[in-house]
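Letter by letter, the chains look like this.
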Amino acid sequence: MNTSAAKPGSAFALTLDDWSEWMEARGQGKFRAKQLVEWIYGKRARDWSEMSNLPAGLRTELAAEFSLDRIPVVRIAGSEDSTRKYLLRLHDGRLVETVRIPANVRFDGGRSDRITLCVSSQVGCAYDCKFCASGLAGFTRNLEVEEIVGQIVAAEEESGEPVRNLVFMGMGEPLANLSRLVKAITILNAPWGLNIGARHMTVSTSGLAPQIERLAELPIQIRLAVSLHGASDEVRERIMPVNRKYPLDRLFGALERWRSRKKQKITFEYILIEGVNDSPEQAALLAARARSLDAKVNLIPYNTVEGLDWRRPAEPVQESFLRTLVRGGVAATLRREKGHDIAAACGQLRLQQETVEGIVPVP
Ligand code: SAH
């Protein structure tokens, strides 16, 4: 909790327990904390003065210590398929992207009539996957709890619709920002908070085995997606340096642990890149790997990234890869991309540090 007088902390960084502690330290009853979160998340108060059932003195104290500021949306890009990409400006001027994906596509291959929000966890990314735009300019910093929660708040308030599905598949490696991620998930999941069901939240990772094991112990039934992209160490290493640190056997050890703790199936994301990981041998190895964990596979034809030379295989190759998996007894889907035309699709989110002055603020 940031309690320095110079720089107010964000109200969106605290859990109900934090608020209860804060209230107790000031001789206030715990019920005040409940009233407060109702104002923050239920009624979306923008000013402390609105909080009419809190004593004036308490409101003054809150105002001195905390801010209710939203993260400003500086640009919204719209796509033909009605995907929206929000560009948000953080307090230090860094920019981060959040993508709102319309109904009926879900990242675990299921269907839903609700929108899905794809949120970022870091500014930039340190993992240097060779096919992804997000890592091109390297890693800048972790997002704070309020910057993760704030992406959902911003999208809900802009669209006027609640977010029901959430995927941590934006920029960054969520498991490299684990403590903040867990706190944000607590706030997002809580009935007093954003009230998003745990089963509707998917954390996606490039495969940080120790952190997967730690997250497995979190008593919330969130879903896990693993960016696999190679079914042998040799192939995976070529495009994902993280595989040298956590080779497939180590990764699968962690996934076994996850499976023993969580009810939902794990999803493997597998980008199809021509001539790299799209061979029938890789398909067969992937089928065996997925079967060993009873995992689902989501095939994603590679999305073009400016400056990178990879290409997606032709459709018949994609389909025969899919068939090998399905024949091998694996629940697999071939993803139909959304947002490709506005560079909002997977792997296309990149660090934007160009000045946004001159961009017409959104109304
Ligand atoms: N770091 C986490 C979260 C980012 S998720 C992770 O790796 O899972 C972003 C997803 O988009 C990952 O599955 C990633 O592998 C995928 N992706 C990256 N670049 C892509 C591209 N050019 N085309 C399609 N998918 C891509």
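Before any of the text, the structure's been laid out above.
This structure is a prediction, so every number in the text was calculated from the model and none was measured.

*Asks:* What am I meant to see in the packing of aromatic side chains here?
*Replies:* Any two aromatic rings considered together are summarised by their centre-to-centre distance and by the angle between their planes. For the coordinates displayed, the defined rule picks out seven aromatic pairs. Geometrically, the ring pair formed by Trp 19 and Phe 66 is edge-to-face, given 4.8 Å between the ring centres and 65° between the ring planes. Taken together, the positions of Trp 19 in helix H1 (residues 16-25) and Phe 66 in strand E2 (residues 66-67) put the pair 47 residues apart, joining distant regions of the chain. Across the pair, exposure class does not vary: Trp 19 and Phe 66 are buried alike. Grouped by ring-pair contacts, the aromatic residues Phe 12, Tyr 41 and Trp 192 constitute a single cluster. The aromatic ring of Trp 39 is capped on one face by Lys 43, whose charged end is 4.1 Å from the ring centroid.

*Asks:* How should I be thinking about the nonpolar core in this particular structure?
*Replies:* Soluble, globular proteins show a tendency: their nonpolar side chains are buried together. In this structure, Trp 19, Val 149, Leu 166, Leu 255, Phe 268 and Val 297 are the most contacted members of the largest nonpolar core, which totals 107 residues. Per-element accounting of this core gives the leading share, seven residues, to helix H4 (residues 145-159). Split by domain, the residues of this core number at least three in each of domain 1 (3-65) and domain 2 (73-356). Contact partners of Val 297, with chain neighbours within four places excluded, come to Phe 268, Tyr 270, Leu 286, Ala 290, Leu 325, Val 330, Ala 331, Ala 332 and Thr 333. In this structure, Val 99, Cys 118, Met 169 and Ala 225 belong to the second largest nonpolar core, which totals six residues.

*Asks:* I tried to follow the packing of H4 against helix H5 (residues 178-189) on my own but got confused; where do I start?
*Replies:* A packed helix pair is summarised by two numbers, namely the angle formed by the two axes and the spacing between the axes. Relative to each other, H4 and H5 sit at 40°, their axes nearing to 8 Å. One finds that H4 runs oblique with respect to H5. The two elements H4 and H5 meet at a crossing, and its hand is right-handed. For the pair H4 and H5, contact is made by Val 145, Ile 148, Val 149 and Ile 152 and by Arg 180, Leu 181, Lys 183, Ala 184, Ile 187 and Leu 188, respectively. When its residues are assigned to classes, the contact of H4 with H5 shows eight nonpolar, no polar and two charged.

*Asks:* Even after reading the chapter, I still don't get the environment of Glu 61, so can you show me in this structure?
*Replies:* Tracing the backbone through its elements, the reader meets Glu 61 in helix H3 (residues 56-65). As a C-alpha pair, Glu 61 and Trp 48 span 13 residues in sequence and 9.9 Å in three-dimensional space. Setting aside residues no more than four positions away along its own chain, Glu 61 makes contact with Trp 22 and Arg 26.

*Asks:* Sorry if this is basic, but what is going on with the pattern of salt bridges here?
*Replies:* A pair can form between side chains of opposite charge whenever their charged atoms are brought close. A complete count under the given rule lists 21 salt bridges for this structure. One salt bridge connects Glu 157 with Arg 44, and the closest N-O pair in it is separated by 3.5 Å. Of this pair, Glu 157 sits in helix H4 while Arg 44 sits in the loop between helix H2 (31-42) and H3; the two residues are 113 residues apart in sequence, bridging distant segments of the chain. For Glu 157, a relative accessible area of 25% puts it in the partly exposed group.

*Asks:* Could you clarify how one ought to interpret the pairing of strand E4 (residues 84-89) in this entry?
*Replies:* Here strand E3 (residues 73-78) runs beside E4; their pairing, made up of five bridges, is antiparallel. The partner of Val 73 across the bridge, within E4, is Leu 88. Where E3 folds back on E4, the antiparallel hairpin that results is connected by five residues, among which Ser 82 adopts a positive phi of roughly 70°. Pairing between E4 and strand E5 (residues 95-101): six bridges, direction antiparallel.

*Asks:* Just checking my understanding: could you explain the sheet that holds E5 for this structure?
*Replies:* Consider a sheet: its strands pair through backbone hydrogen bonds, and that pairing is either parallel or antiparallel. A sheet is described by the order of its strands in space; here ten strands give the open sequence E3-E4-E5-E6-E9-E10-E11-E12-E13-E14, paired in mixed fashion. Two strands lie at the open edges of the sheet, namely E3 and strand E14 (332-334), each paired on one side alone. This sheet shows a mean twist of 20° between the axes of neighbouring strands, independent of strand direction. Most of the contacts of H5 go to strand E10 (residues 201-205), to which it runs at about 165°, and overall it touches strand E9 (165-168) and E10. Strands in contact with helix H9 (residues 248-261) are strand E11 (223-227) and strand E12 (267-272); relative to E11, the strand with the most contacts, it is inclined by about 170°.

Parameters and conventions
- Numbering of residues starts from 1 in each chain and follows the order in which that chain's sequence is written.
- pLDDT decides what is reported in this predicted model: residues at 70 or higher carry local features, side-chain atom pairs at 80 or more are listed and counted, and totals for whole chains, interfaces and linings draw on all residues regardless.
- With hydrogens and water set aside, each side-chain value is computed from the structure's full complement of heavy atoms.
- Stacked, edge-to-face and tilted are the three classes for Phe, Tyr and Trp ring pairs, Trp counted by its six-membered ring, which pair at centre distances within 6.5 Å; planes under 30 degrees apart are stacked, over 60 edge-to-face, the rest tilted.
- Per the convention used, a helix needs a DSSP run of H or I reaching at least four residues, while a strand needs a run of E reaching at least two, with both numbered from the N terminus.
- Residue burial is assigned from relative accessible area. The probe radius is 1.4 Å, only protein chains are included, and a residue is buried under 20% of its type maximum, exposed over 50%, and partly exposed in between.
- Here, over-ring charges are defined by two tests on the NZ atom of lysine or the CZ atom of arginine: distance to the ring centre within 6 Å, and angle to the ring normal within 35 degrees.
- Residues enter a nonpolar core if they are buried and are Ala, Val, Leu, Ile, Met, Phe, Trp, Tyr or Cys, with the set joined through side-chain atoms within 4.5 Å.
- Boundaries of every domain are those given by an automatic assignment or by a domain database.
- Contacts are residue-level and defined by heavy atoms, with any inter-residue pair within 4.5 Å sufficient.
- Here an angle of 0 to 180 degrees is reported between the N-to-C directions of two axes, which are lines fitted to C-alpha atoms, with helices fitted over the stretch in contact.
- Our angle categories are set so that under 35 degrees counts as roughly parallel, over 145 as roughly antiparallel, 65 to 115 as roughly perpendicular, and the remainder as oblique.
- Crossing handedness follows the turn of the near helix against the far one: under a right angle anticlockwise gives a left-handed crossing, and clockwise gives a right-handed one.
- Any residue that is not Ala, Val, Leu, Ile, Met, Phe, Trp, Tyr, Cys, Pro, Asp, Glu, Lys or Arg is counted as polar, Gly included; the first ten are nonpolar and the last four charged.
- A pairing counts as a salt bridge when a side-chain nitrogen of Lys or Arg comes within 4 Å of a carboxyl oxygen of Asp or Glu.
- DSSP calls a pair of strands paired once it identifies at least 2 bridges connecting them.

So far we have only geometry, and geometry alone does not tell us how the molecule works.
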